[in-house]
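Spelled out from the first residue to the last, the chains are:
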Amino acid sequence: GAVVSQHPSWVICKSGTSVKIECRSLDFQATTMFWYRQFPKQSLMLMATSNEGSKATYEQGVEKDKFLINHASLTLSTLTVTSAHPEDSSFYICSADRGANEKLFFGSGTQLSVL
Amino acid sequence: DQQVKQNSPSLSVQEGRISILNCDYTNSMFDYFLWYKKYPAEGPTFLISISSIKDKNEDGRFTVFLNKSAKHLSLHIVPSQPGDSAVYFCAARPTWSRGNTPLVFGKGTRLSVIA
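Residues numbered from 1 in each chain as written. Chains lettered and ligands numbered in written order. Predicted model: local features only at pLDDT ≥ 70, side-chain atom pairs only at ≥ 80, totals over all residues. Heavy atoms only, no water.

## Describing the pairing of strand β9 (residues 86-93) of chain B
Residues and elements named next belong to chain B.
Then, in step 1: For β9, the tally of buried residues reaches eight of eight residues, placing the bulk of the element in the interior.
Then, in step 2: Of the strand pairs in this sheet, strand β4 (residues 32-38) and β9 are connected by seven bridges, and their pairing is antiparallel. Pairing of leucine 34 across the sheet is with alanine 91, part of β9.
Then, in step 3: The pairing of β9 with strand β11 (residues 109-114) spans three bridges and is classified as antiparallel. Across the sheet, residue tyrosine 88 finds its bridge partner in β11, namely threonine 109. (Buried < 20%, exposed > 50% of the residue type's maximum accessible area, 1.4 Å probe, protein only. Helix = DSSP H or I, 4+ residues; strand = E, 2+ residues; numbered from the N terminus. Pairing = 2+ DSSP bridges.)

## Description of the sheet that holds strand β1 (residues 4-5) of chain B
Residue and element names in this part refer to chain B.
Then, in step 1: With antiparallel pairing, the five strands of this open sheet are ordered in space as β1-β3-β8-β7-β6. Edge positions in the sheet fall to β1 and β6 (56-59), since each has one partner strand and no second.
Then, in step 2: In the sheet, β1 pairs with strand β3 (residues 19-25) via two bridges, with the strands oriented antiparallel. Among the inter-strand pairings, valine 4 is bridged to a residue of β3, identified as tyrosine 25.

## A short note on the pairing of β3 of chain B
Residues and elements named next belong to chain B.
Then, in step 1: Side chains Ser19, Leu21, Cys23 and Tyr25 of β3 all project onto a buried face; the interleaved residues Ile20, Asn22 and Asp24 project onto a face where none is buried.
Then, in step 2: With six bridges joining them, β3 and strand β8 (residues 72-77) adopt antiparallel strand pairing. Opposite leucine 21, over in β8, you have leucine 75 as the bridge partner.

## Description of the state of the cysteines
Then, in step 1: Within this structure, the stated rule accounts for two disulfides over all chains.
Then, in step 2: Bridging cysteine 23 of chain A to cysteine 94 of chain A, the disulfide has an S-S length of 2.0 Å. Linking cysteine 23 of chain A and cysteine 94 of chain A, the disulfide has an S-S dihedral of approximately 80° and is accordingly described as right-handed. In this pair, cysteine 23 of chain A sits in strand β3 (residues 19-25) while cysteine 94 of chain A sits in strand β9 (residues 90-97), placing the two residues 71 residues apart along the sequence.
Then, in step 3: Disulfide pairing places cysteine 23 of chain B opposite cysteine 90 of chain B at an S-S distance of 2.0 Å. A torsion of -75° about the S-S bond marks the disulfide between cysteine 23 of chain B and cysteine 90 of chain B as left-handed. (Disulfide = S-S within 2.5 Å.)

The following block contains the structure:
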C-alpha cells in the first residue's frame, strides 16, 4: 500500500531556532500534500495545502512566514517552523493525496517541543 | 464553526460487544466520508470510507452507515476487541472527484474496549 514517510518523529529545540519537518510519499507521486496540527486532545487542524511547484495555500490564522512550506518535487514537501516558540509545541502531521477518489495517507507525525 | 462533529469524546465498550461511533456534518457539499484510527504520537490510519451514493459500506468487523438526509454517519465495530482501543476520527471531503481537497476532521472519539 501507499506509504507516507515523515521525519523526524520528534524534536526538541530551543526557543528561537528553526525546525524542518520532511514529508515524503514513498511509492506514489503526490501533487498535493496537506499539513495538519494537533494539540493534545484536540482534532486535526488543517494548516496548509502544499502544491508541487507552486505556493502553499494557508488556512486562516496560520502565519505563512512562520510556517514555511516547500513542495519542490512530487514526492517531498517540507514544513519549516521558523523562530520556534513554546506555543508552537504541537504534533504536526502531513498527508499526501494520491489522486481522485482516494483516501488520504498520513505520515507518522512529528512531536515538536520548544523549550 | 465545526463542520464535522463527534459529540461523544469517549466511549467504553466491553470486549465482544458492538461499538457505535457517531458523526454529524453540516456542510451539504461533503460527499465522501472516512474514518481514521489514531494512537497517541502516531499519524492516523485509514479504516473505512463511504461515498454519498451509498448508505452502507462494510469491511470485516467495520461497517459505516450514512444517512444523508440526517447528515449523519456512524461506524460500527463488531465484535469489539481490546486492540480497537484508540481515538477514532470522522472526516469528510467536499468532493471525491478531485484529489486536491483536504479532509475536515471531527474532534475524535476515544474508544476503550474493556476485556
